Amino acid sequence: MFRIILTLVLATSLASPAYAERLRLVVADAQQAVDPISALPVVSIRLNADSARDFAMFTTVNVQTTVDFLIDDEVVLSPFIQTPLTAGLMQVRGFDTAEEASAMAKKLRSGDAHLSVSPEEDHVGTINKVTSD
């Protein structure tokens with residue numbers, strides 16, 4: 001009986017429309033760093049516990065699909081989700097300078113910039129900037 005109830009609860013939560021729409025993520029920390037392979041500036045992002053949990057559920061529901069990462073409503077990446085991303089960590093790439101990455105990290109840390117994820121919509125000219133950490 002418990003197994004049936006748990007299955008129903010999981011099926012209901014996985015089918016939740018909240019994970020089929022844009023999900024606002026709360027950044028716990030964001031720091032400018034240097035990618036050790038490319039030596040280019042990146043912003044390392046750690047989500048707060050609630051957002052990490054919601055993001056893990058979102059990526060679980062959206063495995064084998066393409067999703068959009070947005071900063072201040074601008075798509076910065078449309079990755080194909082191969083497996084659930086459960087650590088609540090990611091990196092934003094594509095900055096021209098360390099100063100630009102540092103400024104974005106500061107905006108994300110302070111809450112002045114908003115990070116969100118949503119199922120992919122039709123976007124033209126998307127730039128590949130976000131990777132899981």
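Residues numbered from 1 in each chain as written. Predicted model: local features only at pLDDT ≥ 70, side-chain atom pairs only at ≥ 80, totals over all residues. Heavy atoms only, no water.

Section: the overall build of the protein
(1) Moving on: A tally of helices and strands in the protein yields three helices and nine strands.
(2) Moving on: Taken from N to C terminus, the helices and strands of the protein fall in the order α-β-β-β-α-β-β-β-β-α-β-β.
(3) Moving on: Every one of the 133 residues in the protein was classed for burial, and the buried ones make up 34%.
(4) Moving on: Summarising the internal contacts of the protein: among those between residues at least 6 apart in sequence, 70% fall at separations of at least 24. (Helix = DSSP H or I, 4+ residues; strand = E, 2+ residues; numbered from the N terminus. Buried < 20%, exposed > 50% of the residue type's maximum accessible area, 1.4 Å probe, protein only. Contact = heavy atoms within 4.5 Å.)

Some thoughts on unusual backbone geometry
(1) Moving on: We note that Asp-72 has phi near 50 degrees; this positive angle belongs to a residue other than glycine.
(2) Moving on: Assignment of secondary structure puts Asp-72 in the loop between β4 (65–71) and β5 (74–77).
(3) Moving on: On the accessibility criterion, Asp-72 (34% relative accessible area) is partly exposed.
(4) Moving on: One non-glycine residue with positive phi stands out, namely Asp-73, at about 65 degrees.
(5) Moving on: You can see Asp-73 is positioned in the loop between β4 and β5.
(6) Moving on: Residue class for Asp-73 comes out exposed when judged on its relative accessible area of 59%.

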